[in-house]
Amino acid sequence: MLSEQFQPLRRKLDALPERDRFALTALAVFVGIALIYFLVWTPVVKWVNQAELRYQNKQALIHWIEQNRPALMAAQGNQSNGAVAARKGRSVLSIVNDAARNQTLAIKRVEPKNAHELRVWMESVDFNAVLKWLHILDERYGIRATTVSLDKDKKPGLVTATIILSG
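A few points on the structure. All values derive from a computational prediction rather than experimental measurement.

**Description of the packing of aromatic side chains**
Applying the stated criterion across every chain yields a total of one aromatic pair. Consider the rings of Tyr37 and Phe38, whose centres lie 5.0 Å apart with planes at 85 degrees: the pair is edge-to-face. Residue Tyr37 is classed as partly exposed on the basis of its relative accessible area, which comes to 42%. Positioned above the aromatic ring of Trp121 is the side chain of Arg109, whose terminal nitrogen or guanidinium carbon lies 3.9 Å from the ring centre.

In structure tokens:
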């Protein structure tokens, strides 16, 4: 079927003088090679070079992290030690209540899960105030939210929250 479509072209090629057929064939081969080079080879080489560069960048990052691991670990340890010192012997419950009061958040109910975890319920509280409160608990006291469930309230900007705090 395909050869039937090329029959008229084949007849025209056969009708050309020998030198013209050779030149036309050489030109077709050159164009074919150029197309393969520019449409296949060049994009593949470019992709390989970019992948190699990404790999080298990731290797450099891993190397930097490995070199700076002791300093990073020390900084992390100092931060958590500062948070523990900020507690001054206070219980997690009293810190959570005081921080909520400072953010004008009304805690509806608190349930201790164990010695270091609390479940806190709040209703119709400002979303931004809850986020700020969680940030303060984490940064100042090392008390982190392990589970947060927020449901939007009927009023814009208000939420009902159930939060499990650990610290």
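**Points about helix α3 (residues 92-102)**
Turn by turn, an α-helix covers 3.6 residues, leaving residues three or four places apart pointing in a common direction. By the burial criterion, the buried members of α3 are Val92, Ile95, Val96, Ala99 and Ala100. Around the axis of α3, the buried residues are gathered within 125 degrees of arc, so they sit on the same side. In this structure, α3 carries Arg101 and Asn102 as exposed residues pointing more than 90 degrees from its buried face.

Procedures and definitions
- Residues numbered from 1 in each chain as written.
- Predicted model: local features only at pLDDT ≥ 70, side-chain atom pairs only at ≥ 80, totals over all residues.
- Heavy atoms only, no water.
- Phe/Tyr/Trp six-rings, centres within 6.5 Å; stacked < 30°, edge-to-face > 60°.
- Buried < 20%, exposed > 50% of the residue type's maximum accessible area, 1.4 Å probe, protein only.
- Lys NZ or Arg CZ within 6 Å of the ring centre and 35° of its normal.
- Helix = DSSP H or I, 4+ residues; strand = E, 2+ residues; numbered from the N terminus.
- Arc of directions from axis to C-beta.

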